[in-house]
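In case you want the letters, here they are:
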Amino acid sequence: MWEPAWSCLFPHCLLVLLTAHTATAAAADGDLRPCGEADYYYQYTECDSMGSRWRVAIPLRSCSDLPPPTRGTDCSFSCPAGMFLEMSTQQCTPCAAGSYSLGSGLRFDQWDAIPASFTSLASFLDLGPNGEDIQACNGSSWTPQGVYLESNRDECTVSLVYAVRLEKQGSVSFTYQYPDNNIFFEFYVQNEQCQEIAQTDDQKWIKVTNNGEWDTHTVSLKSGTNILYWRTTGILVGGKMVKPVLLKTIQIQGVAYTSECFPCRPGWFSPAPGSSSCQPCPSNTFSVKGTSSCTACPEHHYSHEGWPECKLRPPCSEKDYFQIHTACDSEGKTQVLYRWVEPKICVENITGAVELPATGQREPCPPCNPGYYNSNDSTCLPCPPGTHSDGTFACVECPAGTEPVLGYEYKWWNVLPPNMKTSCFNVGNSKCDGMNGWEVAGDHIRSGAGSSDNDYLILSLHVPGFKVPASLSGMTGSEFGHITFVLETVCSADCELYFMMGRPLQDANRKSTTVVESWQGSKEKQSYTHSMSRNASVTFTWAFQRTSHALDSRRFVGDMVKIYSISVTNVVDGLASVCRACALVPQNSQQAGSSCVPCPAGFYIDRDTNRCQECPPNTHLAGRHTYGQDACVACGPGSISNKEHSRCYSDCTFSHTENNRTLTFDLSAMSDVASLTIAPSFTSKGTKYLHIFNISLCGHQGRRAAICTDNVTDVSSRDEQSDSAPFVNSVESFICQSTIIPADRRGFRMAISSQSFSLADTFIGATVDTVLNGVNAKPDLFPESSEDVPDINFFYRSTQPTASCDQGRSSVVTVRCNPQKSERGELSVPSLCSAGTCDGCSFHFLWQSSSACPRCTQDDFHRIEGACKGDVQETLYVWNEPKLCANGEPLPPRSSALCEAIALWLKVGVGGGAFMAVLLVSLTCYFWKKNKRLEYKYSRLVMSANKDCELPAADSCALNEGEEADDDVVYTQKPSLLGKLRAIATKHEDGESSESVLLNSSRSNQWVLGWTETTRDVKTGGTI
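Every value quoted in this text rests on a predicted model; they were computed, and no experiment measured them. (Residues numbered from 1 in each chain as written. Predicted model: local features only at pLDDT ≥ 70, side-chain atom pairs only at ≥ 80, totals over all residues. Heavy atoms only, no water.)

Scanning the protein from N- to C-terminus turns up 5 helices and 72 strands. Across the 1024 residues in the protein, those meeting the buried criterion constitute 43%. Counting only contacts in the protein whose residues sit at least 6 apart along the sequence, the fraction spanning at least 24 positions is 66%. Put simply, the protein shows about 52,800 Å² of open surface, and 51% of that area lies on carbon and sulfur atoms. (Helix = DSSP H or I, 4+ residues; strand = E, 2+ residues; numbered from the N terminus. Buried < 20%, exposed > 50% of the residue type's maximum accessible area, 1.4 Å probe, protein only. Contact = heavy atoms within 4.5 Å. Areas by Shrake-Rupley, 256 points an atom, 1.4 Å probe, with all protein chains shown as cover.)

Written out as structure tokens, the structure is:
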């Protein structure tokens, strides 16, 4: 509540203090001399709450009679551009010649040193483990380069800070160059409490510019204190040197006033009073600071535009001239000419100088380029529509049943084609603006000399559009055409060649140019091809720079790039060098004839009839022609073709036969896009980054479903983004990779995704073999499977060549059965190649999942029958262990059935056993009874012998038939059953028998012996 009162009283307090100080000094030093205009200067007090202020005189040295304070101008008052506020009169006054003013604004465009009002602060993107700053960035800073300010090139975060107080709403605008998105460049504003002012993403994040192009960024500012930050952070993930951000001009509007004009810097001038800017001095002139005109250089001296001084002209050398080929004359001859590099700065007629070489001999002109013919005056002219020529003969019409192959094909460079342009550009000056950046040289075109080594030498080719010819209409792929060129670079420094592609500059709603590929250093002669997936007007650009360092010299003029040939196919209004067979109208059509008609999608042109024929099943139109059935290429193993025969794809099923058993796999659970994040890596200065892979195993009927996008927080799923959200630099593929810089604690509000590229544009096939179409799965990179199920290898290829992979990239996803994993499974990379690749061109992944096990069949389970309980028997089915199958045929349910307590086999066994037991008992009883009778006969015989002391007659030794035994037989020892049976078995064949019986008598031994003898006589037929 006291702040308004204090702000209102503060100017009055200051006035009282100044008046008291003046009165005290005058009283104490009555002998002080009166103050002159050189003894003080005027300054305004702070504005009070009413918007008013006072003008006071501030003494520079001791004097008396200072001017009293007077009421100043309104706080919102300012002078127009070219004028300043004269404080003595408080009136706007024009700036003198040799100086300039922005009125209520500030401009910074002289960068010989960082102005004192600016501060460059360096820090590290990631804090230390305890939150402390890492000291690796102490040497990083914005660097002044004369006409521009250059950012850091390392991984440090460097902020250029400027604080300004605005008395009214204003703005800040700056001219910049931001050619490399591997540096993150942002601009934001804070208030005096160091709180960030809300800005949109377009205001905070700066748009990337083309190589050599300047752009302007403007942000509105509020009144009060504004702290401006230009912040850059380099990301050196691949070890490649990044290109710095350049600031050329910073202009601020909204300051209250300016009390003085700014003098023009050396090499610039303002010829008239009231100037709002200065102009550079022309070439061969110079100027000192704050001049209104430029002075010519002395003799044998030179200067370039904007130079503050002149230099002595050096003797001419081989670096100061270049050769060109003249256009063909009427006799078909050309010759080599030599020209001095302009502007010429060397001197010919001094010691050590070389002279310009003489003109070369006249030589026959090279032939015309394909699609052109040689006219009577030896000029190459384009062939009329419907005709063709290879450049060596006259144009002729295409035969019936054929059509011209339209395009651009340049392989002879006597003159620059009419649709190509060449120029020179330098970020720091305009010395080479009027020079040719490239020169024709017969069989090639090469970079020119330029004015300095850091010039951009630019060659451009405009293509009005693309049109797929009738003969290729059966192909429904995404390619409308392609450009192929052969290049070679010869460099001794850090030269770089950029190949760019963009829309015409008139299309202001889109980014004009995108870098497609770049080459650094010397490269051998090689071919590069880029496919066009959009049918639109496009300009191809080649930009060559010998060095990115700011060098105002030509030390590396011998470094050059050569392009031998350029070919563009399917160009609208292009020229033809050959004719190609096309499909004719069917014979049964009412319009039958020899005119060409487009074939439906998936049809080829029959060689015999020139009619459209559909490709066989599971084949696709590959290559860049549709003539003949061989254009229909069979799909790889484990893949089928879509309806249009434009691509082959996997339906996420697979079959394999081994050991007379067919294994069927259902991988549909793995069909959605999966993501794999590699463990963090660190750059040389410690910046943490991650590699993330998005993998679509089967795609959506051949359409690539994995998407990687730059500059988004989450690249693993596109579904989380709204359909209307723009996807900048997005890549669609079966497998793609992005580099992720995690969110930090330095003010970046999100993780950064960059360097997205495709690893798998085409699906080759799926097989258990380790090699397919030259791509090796390298199973030794992963541990062997512990299960008895073969691995399935999914093979992919990206045919787009790169500087390091001239044949493109390849990828293999090895799918392995692992019952311990979930259905979605788990992705991994080889332990020896933590980034998924060991050479940067071949990528390998292992996907373990329970879904990768074969579908279950009857061979994967067995039956277990339970015991019969209560006349009911249960049957169970269980899986074989270990279970190595998934889905497929389920286990049969538990079943029960009626049963009997005793089984039939048991009944038969028991019955048979009982029968044998009864039979055995019966036989035993029978033989026992027989034995009893025999014993009785023996006993009677013995009894008779005891009475008469002699043995009875043989015929009376036995009982008669039917006679019963009356006496018992007495045994001294009871015989066993086995002995009885043995005795019975020893009967004589005629039924007679005898047995030794031990009688119970003292003479038993005698009788036994006598009985034995008697028996022997009876058996021999004698009498006893």
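Following the structure, the description resumes.
This brings us to the sheet that holds strand 33 (residues 420–425). An order of 33-36-41-38-39 is seen for the 5 strands of this open sheet, with the pairing classed as antiparallel. Where the open sheet ends on each side, the last strands, each with one partner, are strand 33 and strand 39 (514–520). Each neighbouring strand pair of the sheet contributes to a mean axis angle of 20°, computed without reference to strand direction. The pairing of strand 38 (residues 496–502) with strand 39 spans 6 bridges and is classified as antiparallel. Residue L497 lies in a different strand from strand 39, and its bridge partner there is W519. (Pairing = 2+ DSSP bridges. Axes fitted to C-alpha atoms, helices over the stretch in contact; angles between N-to-C directions.)

Time to look at the pattern of salt bridges. Using the criterion set out here, one finds 13 salt bridges in the structure. Note that R607 is salt-bridged to D630, the shortest N-O span being 3.3 Å. Placement of the pair is R607 in the loop between strand 46 (603–605) and strand 47 (612–614) and D630 in the loop between strand 48 (619–621) and strand 49 (632–634), with a sequence separation of 23 residues. Between R816 and D791 there is a salt bridge, with the nearest N and O atoms lying 2.9 Å from each other. Linking R816 in strand 65 (residues 809–817) with D791 in the loop between strand 63 (775–776) and strand 64 (792–798), this pair joins segments that are 25 residues apart in sequence. The exposure classification of R816 matches that of D791, with both residues buried. Connected via shared salt-bridge partners are R33, D39 and R61. (Salt bridge = Lys/Arg side-chain N within 4 Å of Asp/Glu carboxyl O.)

Counted by the stated rule, this structure contains 21 disulfides. Each sulfur of the disulfide joining C79 and C92 lies 2.1 Å from the other. On the sign convention where negative is left-handed, the bridge of C79 and C92, at about -90° about the S-S bond, is left-handed. You can see C79 sitting in the loop between strand 3 (70–71) and strand 4 (83–86) and its partner C92 sitting in strand 5 (residues 91–94), a full 13 residues away along the chain. On the basis of relative accessible area, C79 is assigned to the buried category, the value being 4%. Of the residues examined, C92 reaches a relative accessible area of 24% and is grouped as partly exposed. (Disulfide = S-S within 2.5 Å.)

Further remarks concern the pairing of strand 32 (residues 402–410). Note: strand 32 against strand 43 (residues 575–581), 5 bridges, orientation antiparallel. Residue pairing for strand 43: G407 is matched across the bridge by L575.

A separate point is the sheet that holds strand 66 (residues 826–828). Sheet strands pair by backbone hydrogen bonding; their relative direction is either parallel or antiparallel. The strand order 61-64-65-67-66 describes an open sheet built from 5 strands, whose pairing is mixed. The two strands at the open ends of the sheet, each matched to only one other strand, are strand 61 (762–767) and strand 66. Averaged over neighbouring strand pairs, the angle between their axes works out to 20° when direction is ignored. As paired elements, strand 66 and strand 67 (residues 842–849) share 3 bridges and run antiparallel to each other. Looking at the pairing, E826 lines up with Q848 of strand 67.

A contiguous nonpolar surface patch, about 610 Å² in accessible area, is contributed by F915, M916, L919, L923, Y926 and F927. Along the chain, the position of L919 falls in helix 3 (residues 904–948). (Patch = residues over 30% accessible without salt bridge, like charges linked within 9 Å, V, L, I, M, F, W, Y side chains within 5 Å.)

What follows deals with unusual backbone geometry. Of note, the amide linkage connecting E881 to P882 takes the cis form, showing an omega dihedral of -5°. Summarising the element assignment, P882 is placed in the loop between strand 70 (872–879) and strand 71 (886–888). Despite not being glycine, N610 shows a phi value in the positive range, around 55°. Positive phi values are uncommon outside glycine, yet N887 reaches one of about 55°. Looking at where N887 falls in the secondary structure, it is placed in strand 71. Overall, the relative accessible area of 43% leaves N887 in the partly exposed class.

For the rest of this paragraph, the subject is the side chain of Q190. Along the chain, Q190 falls in strand 13 (residues 183–190). Take Q190: its relative accessible area is 12%, and that puts it in the buried class. Setting aside its immediate chain neighbours within four residues, Q190 contacts Q195, E196, I197, T225, N226, I227 and Y229.

Moving on to the packing of aromatic side chains. In the structure shown here, the tally under the stated rule is 36 aromatic pairs. Considering the side-chain rings of Y321 and Y338, the 5.9 Å spacing of their centres and the 80° angle between planes classify their relative orientation as edge-to-face. Placement of Y321 in strand 24 (residues 321–325) and of Y338 in strand 26 (residues 336–340) is noted, with a sequence separation of 17 residues between them. Y321 sits in the buried class, given a relative accessible area of 19%. Measuring from ring centre to ring centre gives 6.1 Å for Y321 and W340, while their planes differ by 85°; the resulting arrangement is edge-to-face. Taken together, the residues span a long stretch of sequence, with Y321 in strand 24 and W340 in strand 26 at a distance of 19 residues. Like Y321, the residue W340 is buried in the burial classification. Cluster of aromatic residues (ring-pair linked, three or more members): F108, W111, F118, Y162, F174, Y176, Y178, F185, F187 and W230. Above the ring of Y44, the side-chain terminus of R53 is found at 4.2 Å from the ring centroid. Taking the ring centre of Y564 as reference, the NZ or CZ of K525 above it sits at 4.0 Å. (Phe/Tyr/Trp six-rings, centres within 6.5 Å; stacked < 30°, edge-to-face > 60°. Lys NZ or Arg CZ within 6 Å of the ring centre and 35° of its normal.)

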